[in-house]
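Per-entry structural report
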Amino acid sequence: ARNFRLEDAYAATARQLLVDVSVIVSADAGTGIQRVVRSLVRNLKELEGEEFTVQPIYATRDHRYCLARIAPDGTIAKVVDRNGKRQAVCVRAGDIYLGLDLAAHLIPHLERDLELWRRQGVRLAFLVYDLLPVLRPDWFPPKTPSNMDRWLGVLARQADQCICISNTVAADLKAALEQRTQGPLPSIDTIPLGWDLSASNPSRGLPANVHEIRTWLEEHRPVLAVGTIEPRKGHDQLLDAMSSLWERSSDDRTGLLLIGRRGWKTDALQDRLLKHREHGKRLIWLDEASDEMLTEVYQKAAGLVAASHGEGFGLPLVEALAHGLPVLARDIPVFRELGGLHFTYFSDDAAEPLASRVAEWLRDSNRPPATIADELPRWADSARALVAALGLSQPRLDGVRT
């Protein structure tokens, strides 16, 4: 029950922190959420000791929770015996389940198991990345909002604790849960996310035309935009603005580099990008880029533009800032919370006003101080904040923004 107290649990052996990795164990889409999962699993593992051990677990619609493991290369793999048989999870009072992966499509099918674990004294905690599918269902594929709605119902009924990645998400979650239950709400906490790609088991590999890309980066003043090509990201408005900027001068070397996978509900935009008269000239779109490539681009771009209409956090903004890039962000609450005075903001995304804003920003913006990275949380800080939020320990968090 929600009144179960960790301090009353057994203390004979280390508790298990059962970290749900049900999605990433089968497929790593390389998105922001997968980066969070990889980073926190790796850094949580480094914090385990006498008080708790980290045990990755996974489930599917066809079977209950089974054991996973962190492979030597940092990837997450399924545990099987010599006969290829999965290994079931055994829980005991005092363990903590952490819904780290966003498995909204799976959790409703596993609610009975989670409810049983609660009765056995397991505390249920979930990481909440955003509520955008239920707030703006028009931005997502049809099944995504309904999956999240059912997932929120499970949280309202079963969660002891929800841990959000921003205060903006925490406020949205509180309102959503109040609509779904008349009973007591789970506790709601917030932790910071890190920026250091090297601590996230980054993907490796460079594109075959990397030399051409490097030449292009040297010859242009590249504006960078990072994110899946999907409706909420504002790529349409940004492309309109850059097209307007390019029309002002055929000699302007300002380029637009888009890094993002092909998403949903954007076929017309994707076609427009590929057929744009500046494609391959002042416009480049990398729909497959490793973290290694992204790190190199962060070091060479003129700045990052975040035109997204909605986010739960915004990892590329923090990563860019930590690499010394100026950031021009849409004026939405979560970006204000994230960047404060470090970012420049825009609100008018009509082509001409935004084009002028981009030009002004490129002309007047100074790069952040070299010490900015020291002021921002790293993934180790995020893991320590998560452990503290779960009540497992109280590490020092000096200098960590929450």
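Residues numbered from 1 in each chain as written. Predicted model: local features only at pLDDT ≥ 70, side-chain atom pairs only at ≥ 80, totals over all residues. Heavy atoms only, no water.

Let us now look at the sheet that holds strand β7 (residues 161-164). Within a sheet, neighbouring strands are paired by backbone hydrogen bonds and run either parallel or antiparallel to one another. Read across the sheet, eight strands follow the order β4-β3-β2-β1-β5-β6-β7-β8 without closing on themselves; strand pairing throughout is mixed. Only two strands of the sheet have a single neighbouring strand rather than two, namely β4 (76-78) and β8 (187-190). This sheet shows a mean twist of 30 degrees between the axes of neighbouring strands, independent of strand direction. Where strand β5 (residues 96-99) and strand β6 (residues 123-128) come together, four bridges link them in parallel fashion. From the neighbouring strand, Ile96 faces β6, where its bridge partner is Arg123. Against the sheet, helix α14 (residues 379-389) touches β2 (52-58), β5, β6, β7 and β8, its axis set at about 160 degrees to β7. (Pairing = 2+ DSSP bridges. Helix = DSSP H or I, 4+ residues; strand = E, 2+ residues; numbered from the N terminus. Axes fitted to C-alpha atoms, helices over the stretch in contact; angles between N-to-C directions. Contact = heavy atoms within 4.5 Å.)

A few words now on the nonpolar core. One finds Leu17, Tyr65 and Tyr97 to be the most contacted residues of the largest nonpolar core, which totals 105 residues. Discounting chain neighbours no more than four positions away, the residues touching Tyr97 are Leu18, Asp20, Ile57, Tyr65, Ile107, Leu114, Trp117, Val122, Arg123, Leu124, Ala125 and Phe126. Among the nonpolar cores identified, the runner-up in size contains 24 residues, and Val223, Ile229, Leu258 and Val358 belong to it. (Core = buried A, V, L, I, M, F, W, Y, C linked by side-chain atoms within 4.5 Å. Buried < 20%, exposed > 50% of the residue type's maximum accessible area, 1.4 Å probe, protein only.)

Within the protein, residue pLDDT values average 92, and 94% of them lie at 70 or more. A low-confidence stretch, residues 1-12 stays under pLDDT 50, and its non-local contacts, those more than four residues away or across chains, total 30 contacts. A low-confidence stretch, residues 394-402 (pLDDT under 50), is modelled with 19 contacts involving residues beyond four sequence positions or located in other chains. (pLDDT = per-residue confidence, 0-100.)

Moving on to the packing of aromatic side chains. Applying the stated criterion to the full structure yields six aromatic pairs. Centre to centre, the rings of Tyr65 and Tyr97 are 5.8 Å apart; their planes meet at 65 degrees, and the pair counts as edge-to-face. Of the two residues, Tyr65 sits in the loop between β2 and β3 (66-70) while Tyr97 sits in strand β5, which places them 32 residues apart along the sequence. Through a chain of ring-to-ring contacts, the aromatic side chains of Tyr65, Tyr97, Trp117 and Phe126 assemble into a single cluster. Residue placement shows Arg336 over the ring face of Tyr345; its charged tip is 3.8 Å from the ring centre. (Phe/Tyr/Trp six-rings, centres within 6.5 Å; stacked < 30°, edge-to-face > 60°. Lys NZ or Arg CZ within 6 Å of the ring centre and 35° of its normal.)

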